[in-house]
Amino acid sequence: MAEDWLGSIRRAEKTAIMQNGKRKVHYKFPNGHEMAEEYSMETNVLLRRAWRKKTDIRRPSEWEVEVGDPEHQFNNVDSIGLKESSNCPYLVKRITKTSLEWRIRNLPYPPETYSVTADTNERCLVVRTTNKKYFKKIPIPELDRVGMLPDQSLVDFSHKFNTLIITYKKPEPVLQMEKKVIEELKNVKDLKDGDLDCNPS
């Protein structure tokens, strides 16, 4: 699976541009799908990733956020159904050098209410509350791309300011895959002028 992901990155048509301390990369895959990424130029850490899948209808599909703040990623958040109201729980995914991180905002229950379980059958993290007020399955595509199952020993979580913070320590295969992708992106020449289709709106 790792070679499949790296191979798809290598085969994609890629363009890049540097703006405001970020390197933005736009991918067009042979199957018609598109991916837009933003990397910190200082750390090479992925800040945002969004997908647009090819559809049979002529109108382009909406961008789907995989990494980054959905409420700021697009001009019209309601159109992609990521946030029903300001009081509903919503998920934000971020990446650090060593961990994958998810923040579920607007969860006001006490810290002891929550459990986060690595489900190897579903290949995801499962968030539950003892009061049965909240339940969510969180996919981990980074593990799927290297052919790994989630490991409970790598999961940690805390709760503060009405936010459940879940961290998953990156296993070595994920770290190595990230390095290989960064090396591949070094071969992409940055555009000097103009903008990319990396800013879906």
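Residues numbered from 1 in each chain as written. Predicted model: local features only at pLDDT ≥ 70, side-chain atom pairs only at ≥ 80, totals over all residues. Heavy atoms only, no water.

## Some details on the side chain of R23
Part 1: Position of R23 among the secondary structure elements: in strand 2 (residues 22-28).
Part 2: A polar contact is formed between the side chain of R23 and the backbone oxygen of V188, at a distance of 2.6 Å.
Part 3: Within the local environment of R23, its side chain forms a polar contact with the side chain of D190, the two groups lying 2.8 Å apart. (Helix = DSSP H or I, 4+ residues; strand = E, 2+ residues; numbered from the N terminus. Polar contact = N/O pair within 3.5 Å; in protein donor to acceptor, adjacent residues only side chain to side chain.)

## Details of the environment of T167
Part 1: The topology assignment puts T167 in strand 12 (residues 163-169).
Part 2: For T167, a relative accessible area of 23% gives the class partly exposed.
Part 3: Spatially, the C-alpha atoms of T167 and F157 are 6.0 Å apart, while their sequence positions differ by ten residues.
Part 4: If we ignore the near neighbours within four places in the chain, the residues touching T167 are L100, E101, L154, V155 and D156. (Buried < 20%, exposed > 50% of the residue type's maximum accessible area, 1.4 Å probe, protein only. Contact = heavy atoms within 4.5 Å.)

## Some thoughts on the nonpolar core
Part 1: Counting 39 residues, the largest nonpolar core has Y27, L125 and I166 as the members making the most contacts within it.
Part 2: With five residues, the top contributor of residues to this core is helix 4 (residues 172-185).
Part 3: Among residues more than four places away in sequence, those in contact with I166 are L100, E101, W102, I104, V116, L125, V127, I138, V155, D156 and F157. (Core = buried A, V, L, I, M, F, W, Y, C linked by side-chain atoms within 4.5 Å.)

## Some thoughts on the sheet that holds strand 9 (residues 124-129)
Sheet strands associate in pairs through backbone hydrogen bonding, adopting either a parallel or an antiparallel arrangement.
Part 1: With antiparallel pairing, the three strands of this open sheet are ordered in space as 8-9-10. Each edge of the open sheet is held by one strand with a lone partner, namely strand 8 (114-119) and strand 10 (135-139). Averaged over all adjacent pairs, the angle separating strand axes in this sheet is 20 degrees, with direction ignored.
Part 2: Inspection of the sheet shows strand 9 paired to strand 10 by five bridges, in the antiparallel sense. By the bridge assignment, R128 is partnered in strand 10 with F135. (Pairing = 2+ DSSP bridges. Axes fitted to C-alpha atoms, helices over the stretch in contact; angles between N-to-C directions.)

## Considerations on the packing of aromatic side chains
Given two aromatic rings, their pairing is described by the distance between the two centres and the angle made by the two planes.
Part 1: Per the counting criterion, the structure on display carries four aromatic pairs.
Part 2: Here the aromatic rings of W5 and W51 are separated by 6.2 Å at their centres, their planes lie at 50 degrees, and the arrangement is tilted. With a gap of 46 residues between them, W5 in helix 1 (residues 2-11) and W51 in strand 4 (residues 46-52) connect regions that are remote in the sequence.
Part 3: Given a relative accessible area of 13%, W51 falls into the buried group.
Part 4: Between Y27 and F29, the ring centres sit 6.0 Å apart and the planes meet at 5 degrees, which makes this aromatic pair stacked. No difference in accessibility class separates Y27 from F29, as the two residues are buried.
Part 5: Feature note: the residues W5, Y27, F29 and W51 constitute an aromatic cluster, connected by ring pairs.
Part 6: The ring centre of W51 lies 6.0 Å from the NZ or CZ of K53, which sits over that ring.
Part 7: R145 extends its terminal NZ or CZ atom over the ring of W5, reaching a point 4.0 Å from the ring centre. (Phe/Tyr/Trp six-rings, centres within 6.5 Å; stacked < 30°, edge-to-face > 60°. Lys NZ or Arg CZ within 6 Å of the ring centre and 35° of its normal.)

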